Amino acid sequence: MARAENKETAGPATRLVAGIARNMRVKKGWTQEQAGSELGFSGAAVSAMETCAQPASDEMLVALERVLGDGMGIFEQAREYVRLDKYPAQFKDYALLEQKALGLSLYATLVVHGLFQTEEYARALIGGGYPPLSEGRVEELVEVRMARRALFEREPVALIELVLEESVLRRTIGSEEVMRGQMRHLAECARRRNVTLQVLPLDCGLSGEYAGDQGGMELVETPEHDHLVYLESQGESLLIKDPAKVSTCAQRYARIRAQALDPRESLGLIERLAGEQR
């Protein structure tokens, strides 16, 4: 949905794409309506893109490349960076690290980690958050969240570990039908050769130890084999690079993983919960 405030807050990639698209349209002598007809969008959508009232969607960028790209690949290359412009401010710097990571070790305590969410779960979660967002912004955030899943298919393969609190699986987001689809998707992810998924059971504290009491975290191994920790809470984020602090988090993560159900038991629990969602 086009919004006037976007014109003031649009990111650099969004502005660059808008300027290039407008210049190439004008060079062809097309009105916005004519360009829209060629692209498969309305003239109003072209206007919103050119004025940055609505950043170009992935679909529009593909069409721009086909119609106005002249074989240069400008709009295709811009897709990643326009997508970054759409992320919440606290996530933008981390988004590129995530997509280029050699390995991720994730611990999610409240909701299913974004990389593992279905579209329906993400839409219910984002749409039900606070402060309320416009429908257009909700769809924008769902789009970029789904785009993150490209990491699962990337070459070279990224190794991804996820430990989920059992409470995450039992917290209904959207509806039981949405949760059933989410459980099935988690089970599919767990069967990937590059994914290890474990569930930290609700009763793990009965042993007198609960290593996850300090909240969720994400450990990242970069292509340069640097190790970082990303934390996010209440709309704020922190990227930790100090080796001593990273080491402490890595050791804590190892304890969390040791207290979790093993991957086969975890998959069994997820499959049972999927079947119980009626």
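Further up the page is the structure itself.
Read on for a plain summary of the structure. (Residues numbered from 1 in each chain as written. Predicted model: local features only at pLDDT ≥ 70, side-chain atom pairs only at ≥ 80, totals over all residues. Heavy atoms only, no water.)

**Brief notes about helix 3 (residues 32–39)**
Note on helix geometry: an α-helix contains 3.6 residues per turn, so any two residues three or four positions apart are oriented the same way.
Okay, so step 1: For helix 3, every residue scored as buried is listed here: Ala35, Gly36 and Leu39. Taken around the axis of helix 3, the buried residues stretch over an arc of 100°, which confines them to a single face. For helix 3, the exposed residues lying more than 90 degrees away from the buried face are Glu33 and Ser37.
Okay, so step 2: Just beyond helix 3, the residue with positive phi is Gly40, at close to 90°. (Buried < 20%, exposed > 50% of the residue type's maximum accessible area, 1.4 Å probe, protein only. Helix = DSSP H or I, 4+ residues; strand = E, 2+ residues; numbered from the N terminus. Arc of directions from axis to C-beta.)

**Points about the sheet that holds strand 2 (residues 159–165)**
Okay, so step 1: The strand order 3-2-1-4-5-6 describes an open sheet built from six strands, whose pairing is mixed. Both edges of this open sheet fall to strand 3 (195–200) and strand 6 (236–240), since each of them pairs with a single strand only. Ignoring which end each strand starts from, the neighbouring axes of this sheet average 15° apart.
Okay, so step 2: In the sheet, strand 4 (residues 217–221) pairs with strand 5 (residues 227–233) via four bridges, with the strands oriented antiparallel. Across the sheet, the residue bridging to Leu219 is Val229, located in strand 5.
Okay, so step 3: This element, helix 12 (residues 243–259), spans strand 1 (103–108), strand 2, strand 3, strand 4, strand 5 and strand 6 of the sheet and lies at about 115° to strand 4. (Pairing = 2+ DSSP bridges. Axes fitted to C-alpha atoms, helices over the stretch in contact; angles between N-to-C directions. Contact = heavy atoms within 4.5 Å.)

**Overview of the packing of helix 2 (residues 12–28) against helix 4 (residues 43–50)**
Okay, so step 1: Running from N to C, helix 2 and helix 4 cross one another at 130°; their axes reach a closest spacing of 8 Å. Classified by the angle their axes make, helix 2 and helix 4 are oblique. Residues Ala18, Ala21, Arg22 and Arg25 of helix 2 form the contact with helix 4, whose own contacting residues are Val46, Met49 and Glu50.
Okay, so step 2: Residues of the contact of helix 2 with helix 4, tallied by class, amount to four nonpolar, no polar and three charged. (Parallel < 35°, antiparallel > 145°, perpendicular 65-115°, else oblique. Nonpolar A, V, L, I, M, F, W, Y, C, P; charged D, E, K, R; others polar.)

**Brief notes about the packing of helix 11 (residues 176–190) against helix 13 (residues 263–276)**
Helix-helix packing is characterised by the crossing angle of the two axes and by the distance between the axes.
Okay, so step 1: Remark: helix 11 packs on helix 13, axes separated minimally by 8 Å, with the N-to-C direction vectors making an angle of 155°. Accordingly, the angle class assigned to the pair helix 11 and helix 13 is roughly antiparallel. Between helix 11 and helix 13 lies a crossing of left-handed hand. For the pair helix 11 and helix 13, the contacting residues are Arg180, Met183, Arg184, Leu186, Ala187 and Ala190 in the first and Leu267, Ile270, Glu271, Leu273 and Ala274 in the second. (Left-handed = near helix turned anticlockwise from the far one by under 90°.)

**Regarding the packing of aromatic side chains**
Okay, so step 1: On inspection of all chains with the given rule, the structure shows five aromatic pairs.
Okay, so step 2: Ring centres 6.3 Å apart and planes at 75° place the aromatic pair Phe91 and Tyr230 in the edge-to-face group. Residue Phe91 is located in the loop between helix 6 (74–86) and helix 7 (92–100), and its partner Tyr230 is located in strand 5; the two are separated by 139 residues in the primary sequence.
Okay, so step 3: On the basis of relative accessible area, Phe91 is assigned to the buried category, the value being 9%.
Okay, so step 4: Here Tyr94 and Tyr230 contribute two aromatic rings whose centre-to-centre distance is 3.9 Å and whose plane-to-plane angle is 5°, an arrangement assigned as stacked. You can see Tyr94 sitting in helix 7 and its partner Tyr230 sitting in strand 5, a full 136 residues away along the chain. (Phe/Tyr/Trp six-rings, centres within 6.5 Å; stacked < 30°, edge-to-face > 60°.)

Purely geometric numbers; function is a separate question.
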